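What follows is the residue order along each chain.
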Amino acid sequence: AQRAIVGALRGTLGSSVSIVAEEEEAAVDEARVRTDVVVDETPVEEATIYVDPLDGTREFVEGRLANVQCLVGVAVGGRPVAGVVGLPFSSRLIYAYGDTVVGLEAAAGERAVSGDGGEPWVEACLDESGLAEREIVGGTGAKLLLVAENRASLAVTHTKTRPWDTCAWEAILAARSL
């Protein structure tokens, strides 16, 4: 998946765009991506694209496929400005650019979500939130999807979370003013 994504980005944007991907980079297939979706004057040299081809690896292995996502985020000047999230096992696509968000489903829920690590600092965050309802959810993207769709008020992620895990979702949450 990473080879296809990175290859398509390089084939369309050229070698000057900075791409940071979670998995080790291998040879890429330089296919093309759609360029009619977003029009921007930002030079590609100023952008960094973060790619996580399989967010929720453990969930994938364990068969919890609803928590698996493919994440592509774009940052300019260190600030997330666009994000694309694919949920491959439900055929959903969510994306945001500027203040436009497409693909989210509306819901309501006052709960906190976190991983199953049981670290004391996570428990302290959850206690401080004052939210009585809590749920263990695997995958950073799965947690942030719940917040973006108002199915959770708080997501606590683990300390190993990296920009490729969050960039796409940060752009989507910012577009929703969350």
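You'll find the structure just up there.
Let us look at the structure shown here. (Residues numbered from 1 in each chain as written. Predicted model: local features only at pLDDT ≥ 70, side-chain atom pairs only at ≥ 80, totals over all residues. Heavy atoms only, no water.)

1. Some words on the nonpolar core
And then number 1: Among the nonpolar cores identified, the biggest contains 19 residues, and Val-85, Ile-94, Trp-169 and Ile-172 are the most heavily contacted of them.
And then number 2: Put simply, the parts of the chain that give this core at least two residues each are β4 (79-87), β5 (92-97), α4 (140-148) and α5 (163-175).
And then number 3: Leaving out residues up to four positions away in the same chain, Val-85 has contacts with Gln-69, Cys-70, Leu-71, Arg-92, Leu-93, Ile-94, Ala-168, Trp-169 and Ile-172.
And then number 4: Formed by nine residues, the second largest nonpolar core is a distinct cluster that contains Ile-5, Val-6, Val-17 and Val-72. (Core = buried A, V, L, I, M, F, W, Y, C linked by side-chain atoms within 4.5 Å. Buried < 20%, exposed > 50% of the residue type's maximum accessible area, 1.4 Å probe, protein only. Helix = DSSP H or I, 4+ residues; strand = E, 2+ residues; numbered from the N terminus. Contact = heavy atoms within 4.5 Å.)

2. A look at the side chain of Glu-59
And then number 1: Looking at the element boundaries, Glu-59 is found in helix α2 (residues 57-61).
And then number 2: One polar contact links the side chain of Glu-59 to the main-chain amide nitrogen of Gly-139, over a distance of 3.5 Å.
And then number 3: Discounting residues that sit within four places of it in the chain, Glu-59 has contacts with Arg-64, Leu-65, Asn-67, Val-68, Gly-138 and Gly-139. (Polar contact = N/O pair within 3.5 Å; in protein donor to acceptor, adjacent residues only side chain to side chain.)

3. Comments concerning the packing of α4 against α5
Axes are the key here: two packed helices are described by the angle between their axes and the distance separating the axes.
And then number 1: Direction vectors running N to C along α4 and α5 enclose 5 degrees, while the axes themselves pass 10 Å from each other. Comparing the axis directions of α4 and α5 gives the class roughly parallel. Contacts between α4 and α5 involve Thr-140, Gly-141, Leu-144, Leu-145, Val-147 and Ala-148 from the first element and Asp-165, Thr-166, Trp-169, Ile-172 and Leu-173 from the second.
And then number 2: Taken together, the residues of the contact of α4 with α5 break down into seven nonpolar, three polar and one charged. (Axes fitted to C-alpha atoms, helices over the stretch in contact; angles between N-to-C directions. Parallel < 35°, antiparallel > 145°, perpendicular 65-115°, else oblique. Nonpolar A, V, L, I, M, F, W, Y, C, P; charged D, E, K, R; others polar.)

4. Some words on α5
And then number 1: Under the 1.5 Å per step criterion, the end-to-end length of α5 is 18 Å for 13 residues, consistent within 8% with the ideal 18 Å.
And then number 2: In terms of burial, α5 is largely enclosed, as 10 of its 13 residues are buried.
And then number 3: Residues Trp-164, Asp-165, Thr-166, Cys-167, Ala-168, Trp-169, Ala-171, Ile-172, Leu-173 and Ala-175 constitute the buried set of α5.
And then number 4: After α5 finishes, the residue Ser-177 shows a positive phi value of roughly 60 degrees. (Expected span 1.5 Å × (residues − 1).)

5. So, unusual backbone geometry
And then number 1: One non-glycine residue, Ser-91, lies in positive phi territory at about 60 degrees.
And then number 2: Relative to the assigned elements, Ser-91 resides in the loop between β4 and β5.
And then number 3: With a phi close to 60 degrees, Asn-150 is a non-glycine residue in the positive phi region.
And then number 4: Here Asn-150 is to be found in the loop between α4 and β9 (154-156).
And then number 5: By relative accessible area, Asn-150 is classed as partly exposed at 32%.

6. Describing the environment of Glu-110
And then number 1: Mapped onto the fold, Glu-110 is located in the loop between β6 (100-102) and β7 (112-114).
And then number 2: Through-space distance from the C-alpha of Glu-110 to that of Val-147 is 9.7 Å; in sequence the pair is 37 residues apart.
And then number 3: Residues in contact with Glu-110, not counting those within four places in the same chain, are Leu-131, Glu-133 and Ser-153.
And then number 4: A polar side-chain atom of Glu-110 sits 3.1 Å from a polar atom in the side chain of Ser-153.

All quantities given are derived from atomic positions and should not be read as evidence of function.
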